[in-house]
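Secondary and tertiary structure notes
Take a look at the letters that make up each chain.
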Amino acid sequence: MKDTARLGALSATTLVGDPVRNSEDEDLGKIEDFMIDLDTGCIVYAVLSFGGFLGLGDKLFAIPWASLRVDMEEECVRFDIDQETLEKAPGFDKDNWPAPKDFGIVTLAYKFYGVENPFN
């Protein structure tokens, strides 16, 4: 990752592909992409891939940006959730992403993670 934290902004491509770990340093997958609200320019959610083997069978999860923290020192994204809880979270298949105007997954994800949904 580039050292741009003092600026308070990073390019999305800097974070795509970064590992996601919890506070116990367990591997929770990696950041696949970001979904942006076209009206506000805000990140609606980060797309996290988790599970599977060698990229096969991965499940994708919509993770509210407020639930994540960029760890510049460890070059990862932190998400304080255990693997078992993540496995139970609402997600979607890599070949069947939610439609751009389908905020159902957003509502489910924000509720599951206990984050206020500003996109209602």
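That block above? That's the structure.
Keep in mind that what you see is a predicted model, and the values were worked out from it rather than measured.

Attention shifts here to helix H3 (residues 104–113). Listing the buried residues of H3 in full gives Ile105, Val106, Ala109, Tyr110 and Tyr113. End-on view of H3: buried residues confined to an arc of 125°, all on one side of the axis. Against strand E3 (43–50), strand E4 (59–63), strand E6 (76–79), helix H2 (83–87) and strand E7 (91–93) lie the buried residues of H3. Note on H3: the residue one or two positions beyond its end, Gly114, has a positive phi of about 70°.

The next point concerns the nonpolar core. Phe61, Phe79, Leu86 and Tyr113 are the most contacted members of the largest nonpolar core, which has 28 residues in total. Elements supplying a minimum of two residues to this core: strand E2 (27–36), E3, E4, E6 and H3. Per-element tally for this core: the top contributor is E3, with six residues. In contact with Phe79, other than residues within four places in its own chain, are Val20, Arg21, Asn22, Leu28, Leu48, Ile63, Ser67, Leu68, Leu86 and Tyr113.

Among the secondary structure elements, Ala62 is positioned in strand E4. Taking relative accessible area as the criterion, Ala62 reaches 1% and is therefore assigned buried. Those residues in contact with Ala62 that lie beyond four places of it in its chain are Tyr45, Ala46, Phe92, Ile105, Ala109 and Tyr113.

Thresholds, definitions, all that
- Residues numbered from 1 in each chain as written.
- Predicted model: local features only at pLDDT ≥ 70, side-chain atom pairs only at ≥ 80, totals over all residues.
- Heavy atoms only, no water.
- Buried < 20%, exposed > 50% of the residue type's maximum accessible area, 1.4 Å probe, protein only.
- Helix = DSSP H or I, 4+ residues; strand = E, 2+ residues; numbered from the N terminus.
- Arc of directions from axis to C-beta.
- Contact = heavy atoms within 4.5 Å.
- Core = buried A, V, L, I, M, F, W, Y, C linked by side-chain atoms within 4.5 Å.

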